[in-house]
Amino acid sequence: MSKIYIVGVGLTKIGRFFDKGLRELFAEAASKALEEIGNENVQALIVGNMMSSSLSEQDNLGALLADHAGLGKIPAFKVEAACGSGGAAVYTGYSLIASGLFDVVMVGGVEKQTEYPTRIVSKALAQAADAEYELFYGISFTGLNALIMRLYMDTYNVSRDEMSVWPVLMHKNASKNPYAQLRFEVTKDQVAKSIVIADPIRLLDSSPIGDGAAALILASEKVARKLSDTPIEVAGIGMATDHIYVAYRENLLSLEATVLSAKGAYRMAKIEPKDIDVAEVHDAFTVLGFINMEDLGFSERGKTPKLMDEGRFWPGDKPTVNPSGGLKARGHPVGATGVYQVAEVAMQLRGDFPGIKVEGDVGLAQSIGGLGTTVTTLVLKR
Amino acid sequence: MKISVPRVWRELKSHYLLEASVCTKCGKIHYPPRTICDNCKNHKLIRRKLSGEGEVLTYTVQYVVLEGYREHAPIIFAIVKLKEGVNVLAPLTDVKPENVRVGLKVTAVLRKITEDGDLGLIKYGIKFKPMKEFRNEGNVAYESEKRTRKNS
Amino acid sequence: MKSIKDVGIVSWGVYFPKYRIKCSDIGKVWGFPPQYSDGLRVYEKTVANIDEDTITMGWEAARYAVARAKIDPKEIEAIYVGTESKPYAVKPSITIIAEALGITPKTLGADLEFACRAASEAMEASIGLISSGMIKYSLVIGSDTAQASPGDVLEFTASSGAAAFILGLRSENIVAYFEGSYSYITDTPDFWRRSLAQYPMHGEQFTGDPAYFAHIISAVKGLMEELGFKPSDFDYVVFHQPNGRFPLKAAARLGFSKEKVLPGLITPMIGNTYNGSALIGLAAVLEVANPGQRILLVPFGSGAGSDAYSIIVEEGVKEKIHLAPTVKELLEDKEYVDYTCYSKYRGLTSKFNF
């Protein structure tokens, strides 16, 4: 199979943009990505998005965004896999090129969350869970993750303060990222004293609600060099799903879809976890950051908080984790997040990420929908 | 109308009675019920009511609630391991957050989950409450009244 | 009235919420004279949790009755709930209860309304259905989350609870049987709630002599005359108990000693559970009575009507007591809430549907 490359990226800052809708946010990111390829035409648009239907009353998103981003009357459609929509969109765009159907595809991600109060946004987000047996009872996404956090802390005997190292590092990293939503540092004490959302998850354990859009341009080996001087190879890509009803899973402290998708991506890229220089992993909540590090093979079960407290995974270490600040502090514009992560890793490998820079040739991006229900993992190479 | 009528009706037995599906070939119990066994791909499944008795495996106290749930806040959610070895997610009721712990023995009861405003359907389903071991003998009312009166 | 064949009580089940409010707290909020509620001989009342209503409480009481019954629940061929606090004005509560007990679809079923006496009407009807051979077992539930306007004197007593009885032909499996009953109804408007009103209205003192006392006393006298009994023939007396005082007063007027009333007088500790009121009292008596003893049960419903039943306790009662929570156990499992919490639980505050 011939290789597929990332030849252009574009991001908006993540935040609460009351003055911008889906179309304005996406047009901004798409324009930046197109600029990187000299405004050449793209042949198709795949958009990752979760809640345009529930929060913006907008379906048929592909057509709307292709039109408003000035992409012409090209094939365009939305891919939805909850918070993992971005990763799933990249997976789809990659497949369209791998199939030989197209040579240049734009993969976008956009989310507009700030249209309604939190209780309504939380309800829309909670639709990532099993509607008939989880959402039925009114459990929020934070609530589901809190069940896992308590189990993690109890099983591995990890204290509140030990868990707090994740948000502390993420906020530190995000403070240097111009695209990040939460550009301020926090202390362990502040994390422990922030309000409880769903015990034991506190506000500072949670990714914020924000709007944002990201765009990538994927190209076949045939045209990649014509469009970019610094194409980044998608060397491995894997995707897997798991039981949506979380209680049905045999092991609640491992996300099997992460393990399987990473295995697929590593095998395809012919690498091992130790080869990775920079990783953007999914950390919508503190506990997910730790579990993902363990499932991706970067760390042993239950030991990540301690290792991170000792300085592992901080800038300068290999791998450096979430130099963007992660979902926790860069922000989590849901369906766009997976596209942000891939774009950020591509920028790291190109050497032009505008925040904390990581030296290296191999990067990983991991996008999750639901509580590890749909996971896409990518390995990128310079 | 925010609560779908056909859906509430369709799911009655699994929500009121904790009805699970059981594989006729490998015997695996699935909750929520399935149409195909995920263990052996068998399509012939039968329905069986679960005991509703088990213990808390993990729990959370959710303060930030979804639209329609403010009056129930904080809601304690738990994954309960039933006697049959099946895990079920449901709220806990009739218990204070500080009295919940992993390993707490609980039993399923029918409760109101939420309602669709003042006009729509009321959604009923199971919640778990702490199991009580009662063993008191003797006259009921007479002593109780004396104590209650003293207390008032 | 006497049935052709003897009909008995196969089992009983009681449920009332664990939350209680002290009546003195209610009095303080609304500026009643100190110790006002002591005069009613009601000290605390149950408060249904935010997720409880007539249906959920009725289900729980019924579940305990099923646990004590030692029968196949599928053999229950009639199921009734008497209530004046239906969660749906139109749509049966009983179908939800029956479905959640797993005893649908081949069964009779209805919600009955006759103020606090509706469940008793269900009991009379069930005796007829069973005695005639039309059905094998009937499940009769009385369940209410009684409403009272905040600030109304009724608020001291209106509470939440349920009782359930499974009835069947007299056999070795029953805990008691009915010797006979006497019903007495007239149009006496002592208490009512118009169709869209949130809370009921009442005639205050008019609820006493012309309503409660006249109907209960007439029903009891009618029963004793028909069966040829005198007050001393009864070991226990359970009246409808809107407060803790009325039953003792009715007993005194009829010539029953206080000691026969107190074992079944539960209202002082839980308030008036309306359709559950007299039936919870009967359950409490079954939990202490001895085989061969005779119980006088007299439910009353405003509007108004009363039924007097003569019930003989059977051998089977003792072994069934601990198959489900007893009234005493439920009384002791309690947690107090303040008026603010009570008003949230009972929906006394108006709010948006956040």
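Residues numbered from 1 in each chain as written. Chains lettered and ligands numbered in written order. Predicted model: local features only at pLDDT ≥ 70, side-chain atom pairs only at ≥ 80, totals over all residues.

### Re the sheet that holds strand 2 (residues 19-22) of chain C
All names here are of chain C.
Move 1: Here we have three strands laid out as an open sheet, ordered 3-2-15, and mixed in their pairing. Both edges of this open sheet fall to strand 3 (44-47) and strand 15 (335-336), since each of them pairs with a single strand only.
Move 2: In terms of strand pairing, strand 2 meets strand 15 through two bridges, oriented parallel. Among the inter-strand pairings, Arg-20 is bridged to a residue of strand 15, identified as Tyr-336.
Move 3: Against the sheet, helix 1 (residues 23-30) touches strand 2 and strand 3, its axis set at about 50° to strand 2. (Pairing = 2+ DSSP bridges. Helix = DSSP H or I, 4+ residues; strand = E, 2+ residues; numbered from the N terminus. Contact = placed C-beta atoms within 7 Å. Axes fitted to C-alpha atoms, helices over the stretch in contact; angles between N-to-C directions.)

### Some remarks on the interface of chain B and chain A
Move 1: Listed per partner, the contact involves 26 residues of chain B and 29 residues of chain A.
Move 2: Those elements giving two or more residues to the side of chain B that touches chain A turn out to be strand 4 (53-62), strand 5 (75-82), strand 6 (87-92) and strand 7 (105-115) of chain B.
Move 3: Split by residue class, the side of chain B that touches chain A holds 17 nonpolar, seven polar and two charged.
Move 4: Bridge count between strand 5 (residues 196-199) of chain A and strand 4 of chain B: two bridges; the pairing is antiparallel. Bridge pairing links A:Asp199 to B:Val61 in strand 4 of chain B. (Nonpolar A, V, L, I, M, F, W, Y, C, P; charged D, E, K, R; others polar.)

### Section: the nonpolar core
Move 1: The biggest cluster of nonpolar side chains holds 300 residues, and the ones touching the most others in it are A:Leu216 and C:Ile97.
Move 2: The two domains that each donate at least three residues to this core are domain 1 (4-116 + 209-233) and domain 2 (118-208 + 234-381) of chain A.
Move 3: Beyond its immediate chain neighbours, meaning those up to four positions away, C:Ile97 contacts C:Ile55, C:Gly58, C:Trp59, C:Ala62, C:Ile79, C:Val81 and C:Ile141. (Core = buried A, V, L, I, M, F, W, Y, C linked by C-beta atoms within 7 Å. Buried ≥ 20, exposed ≤ 12 C-beta atoms within 10 Å, placed from the backbone. Domains from an automatic or database assignment.)

### Re the interface of chain C and chain B
Move 1: The interface is formed by 40 residues belonging to chain C together with 31 residues belonging to chain B.
Move 2: Contributing elements (two or more residues each) for the side of chain C that touches chain B: helix 2 (54-69), helix 3 (94-101), helix 8 (267-270) and helix 11 (327-332) of chain C.
Move 3: Of all the elements, helix 11 of chain C adds the most residues to the side of chain C that touches chain B, at five residues.
Move 4: For the side of chain C that touches chain B, a count of residues per class yields 19 nonpolar, seven polar and 14 charged.

### A short note on the pairing of strand 4 (residues 76-82) of chain C
A regular strand places its side chains on the two faces of the sheet in alternate fashion.
All names here are of chain C.
Move 1: The element strand 4 is largely enclosed, with a buried count of six among its seven residues.
Move 2: In this structure, strand 4 lies alongside strand 6 (residues 137-145), joined through six bridges in parallel fashion. Across the sheet, Ala-78 pairs through a bridge with Ser-138, a residue of strand 6.
Move 3: The pairing of strand 4 with strand 5 (residues 108-112) spans five bridges and is parallel. Across the sheet, Ala-78 pairs through a bridge with Leu-108, a residue of strand 5.
Move 4: For the crossover from strand 4 across helix 3 to strand 5, the handedness is right-handed. (Right-handed = clockwise from strand over helix to strand, strands pointing away.)

Interpretation in functional terms is not warranted from these geometric data alone.
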